[in-house]
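# Architecture at a glance
Spelled out, the chains give:
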Amino acid sequence: MLAPDQTRQNAVFDHLRNSILTGALPSGGRLPPSRSLAQELGVARQTIVLAYERLAAEGYVRGRTGSGTYVATDLPDQAPAPAATPVLAAAALSARGAMLAAVPVSASARDPALGLLLAPGLPAPDLFPVKAWARCASRVMRPLSGELSSYPPPQGLLVLREQIAAHLAATRGLVADPGCIVVTSGTQQALRIAADLLLDPGDPVWVEDPGYIAGRGALLAAGADPQPIPSDAEGIDVAAGVRIAANARLALVAPSHATPLGGALPIGRRLALLDWARRGAAWVLEDDCDSEFRWEGKPLPPLATLDKAGQVIYCGTFSKTLAPTLRIGFAIVPPPLVAAFVRLRTLTDRGTDGFTQATLAEFMRQGLLAPHIRKMRTEYARRRDALLEAMGRVVRHATALAAPGGLHMVARLDGGVDEAGAVRACRTRDLAVSPLRAYFAGEARMNGLVIGFAATPTAMAGEVARRLEAALVHAASG
């Protein structure tokens, strides 16, 4: 261990050496007299003398008798130049990389400072079952099994896949073999794996227009050629799809609740879609992200329940029923594809977090998910009705189009209101609306806003409607 005086000497030496190398003490400049520097630093004069002698011995300073100590003009080394911050030039990206870097992934504002009022696609954080979830997490963590202490299986924990199968059978009328279920990190990953597995670069695929932005991006990332197919109040127009791209290899659809207009695919279009897939040996990716929340009429069964040829890949998620941060989704894969799907899942990452999977399985095993969804459905209906009523009273520059399902609605703007200006004005008032135009892959056919209601408390409906109208008035006048 160094003695205190030696430690101080080293500190003084290092400080002076760094000052010389960085130019703070310039070449040829005189160092302070040892006595005055010792007084300034509060150390013994001998500490300064010894530090000066060491600097001289290593060539950093020169002593001049009767004149003092000076910085050497021929330094033994130089201060290292500050490291330049590496800049990735645009040319460093491949052409494909540059294309992917420009692909939009969302129309939503994700600034945490903005809050969640009117944010589309997000469930209410205040309704998350914190205590019940914590009890389930504690229960599965106490007996730390080998399965939870190693990498999770790429197909997902069997106990969770069994619970998902039971839940779908009870709530969606969809019978699924747990051996054909693959747990994923959300719907987005399931779509990307399916696209990579089933498509070659340049293959045409159907996407709803307007439709799911990140889903379209996943297909682009896989090298596919998305073909915008018009979607209306009844979902994707299958006849238009056949006219536009009859030879498409895949269709990405949301039959129960199309994004963002909310259309539900009627039986005629469902059968036509399956017939097109059968005749063309194509695939259908069914996105069933928020089908639990139906406000008008009875819940519609999944398209997969009508699939007899094994050409539908059903994708679901717990992002809307519980929380997006859990990052748990799943795909029901036709039996011939399971092995390849799991292999590609393995190449994508090392599996979805095992503790979260086990906690969710326990939550479902205890019968807690179904009553939680019922509670959310009741509260979301209240929030939807309250916002619609408040907008009907207060908002004059937009017309709310109440979708029969889902966690958002579209507000069609009056002709005098600029959509981009309305979005900016809303966000300055802490309203996290999204522009409708962003959901169109082709030319936008409607001017409007996409408005979420799930994370907007009932008590805030009137205030939110007033802020919305103020934003629209500002956009109309600006």
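Up top you'll find the structure we're talking about.
Residues numbered from 1 in each chain as written. Predicted model: local features only at pLDDT ≥ 70, side-chain atom pairs only at ≥ 80, totals over all residues. Heavy atoms only, no water.

### Considerations on the overall build of the protein
A tally of helices and strands in the protein yields 15 helices and 14 strands. Over its C-alpha atoms the protein spans a radius of gyration of 32 Å, topping by over 25% the 23 Å that the globule rule assigns to 478 residues. In terms of principal-axis extent, the alpha carbons of the protein reach across some 105 × 60 × 50 Å. Out of the 478 residues in the protein, the part that is buried amounts to 50%. For the protein, restricting intrachain contacts to residue pairs at least 6 apart in sequence, the fraction spanning at least 24 positions comes to 73%. (Helix = DSSP H or I, 4+ residues; strand = E, 2+ residues; numbered from the N terminus. Rg over C-alpha atoms; globule rule 2.2 N^0.38 Å. Buried < 20%, exposed > 50% of the residue type's maximum accessible area, 1.4 Å probe, protein only. Contact = heavy atoms within 4.5 Å.)

### Observations concerning the sheet that holds strand 14 (residues 448-452)
Pairing is antiparallel across the open sheet formed by four strands, whose spatial order is 11-12-14-13. What marks the edges here is a single partner per strand, and that holds for strand 11 (398-401) and strand 13 (434-435). (Pairing = 2+ DSSP bridges.)

### Topic: the packing of aromatic side chains
In this structure the tally under the stated criterion is eight aromatic pairs. Aromatic side chains Trp133 and Phe363 sit 5.7 Å apart centroid to centroid with 55° between the ring planes, which places their arrangement in the tilted category. Linking Trp133 in helix 5 (residues 130-141) with Phe363 in helix 12 (residues 354-365), this pair joins segments that are 230 residues apart in sequence. Exposure class is identical for Trp133 and Phe363. Each is buried. Taken together, the ring pairs in this structure connect Phe293, Trp295, Tyr380 and Phe453 into an aromatic cluster. For the cation-ring pair, Arg54 lies above Phe13, with the distance from its terminal atom to the ring centre recorded as 3.8 Å. In this structure, Arg350 packs its charged tip against the face of Tyr151, placed 3.9 Å from the ring centre. (Phe/Tyr/Trp six-rings, centres within 6.5 Å; stacked < 30°, edge-to-face > 60°. Lys NZ or Arg CZ within 6 Å of the ring centre and 35° of its normal.)

### A few points about the pattern of salt bridges
A full pass over the atoms with the stated rule returns 18 salt bridges. In this structure, the salt-bridge partner of Arg269 is Glu234, at a minimum N-O distance of 3.9 Å. Separated by 35 residues along the polypeptide, Arg269 in helix 10 (residues 267-280) and Glu234 in the loop between strand 5 (225-232) and strand 6 (235-236) bring together distant segments of the chain. Judged by relative accessible area, which is 17%, Arg269 ranks as buried. Between Glu379 and Arg382 there is a salt bridge, and its shortest N-O distance comes to 3.0 Å. In this pair, Glu379 and Arg382 are both assigned in helix 13 (residues 369-394), three residues apart and thus about one turn of the helix distant. On the accessibility criterion, Arg382 (47% relative accessible area) is partly exposed. Overlapping salt bridges bring together Asp126, Glu379, Arg382 and Arg383 as one network. (Salt bridge = Lys/Arg side-chain N within 4 Å of Asp/Glu carboxyl O.)

### A few points about unusual backbone geometry
With an omega dihedral of 5°, the bond running from Asp209 to Pro210 counts as a cis peptide bond. Along the chain, Pro210 falls in the loop between strand 4 (204-209) and helix 8 (213-221). The backbone of Leu118 shows a phi angle near 65°, a positive value even though the residue is not glycine. Mapped onto the secondary structure, Leu118 falls in the loop between helix 4 (95-101) and helix 5.

### Examining the packing of helix 6 (residues 158-171) against helix 12
Helix 12 packs onto helix 6 with a crossing angle of 40° between their chain directions and a minimal axis gap of 9 Å. As judged from the angle between their axes, helix 6 and helix 12 are oblique. Helix-helix and strand crossings are classified by hand; for helix 6 and helix 12 the assignment is left-handed. Residue-level inspection shows Val159, Leu160, Gln163, Ile164 and His167 of helix 6 in contact with helix 12, the latter providing Gln357, Leu360, Ala361, Met364 and Arg365. (Axes fitted to C-alpha atoms, helices over the stretch in contact; angles between N-to-C directions. Parallel < 35°, antiparallel > 145°, perpendicular 65-115°, else oblique. Left-handed = near helix turned anticlockwise from the far one by under 90°.)

### Some thoughts on the side chain of Arg216
When you line up the elements, Arg216 lands in helix 8. Of the side chains with opposite charge, Asp209 lies nearest to the buried Arg216, which makes no salt bridge, at 5.0 Å. Not counting residues within four places of it along the chain, the set of residues in contact with Arg216 comprises Val207, Gly211, Pro226, Leu252, Ala438, Tyr439, Phe440 and Ala441. (Lys, Arg positive; Asp, Glu negative; His and termini not counted.)

### Quick notes on the pairing of strand 12 (residues 408-413)
Taking burial as the measure, the six residues of strand 12 include five buried ones, the bulk of the element. Sheet topology note: the strand 11/strand 12 ladder contains four bridges and is antiparallel. Looking across to strand 12, one finds that Ala400 is bridged to Ala411. Connecting the antiparallel pair strand 11 and strand 12 is a turn made up of six residues, with Gly406 showing a positive phi of about 90°.

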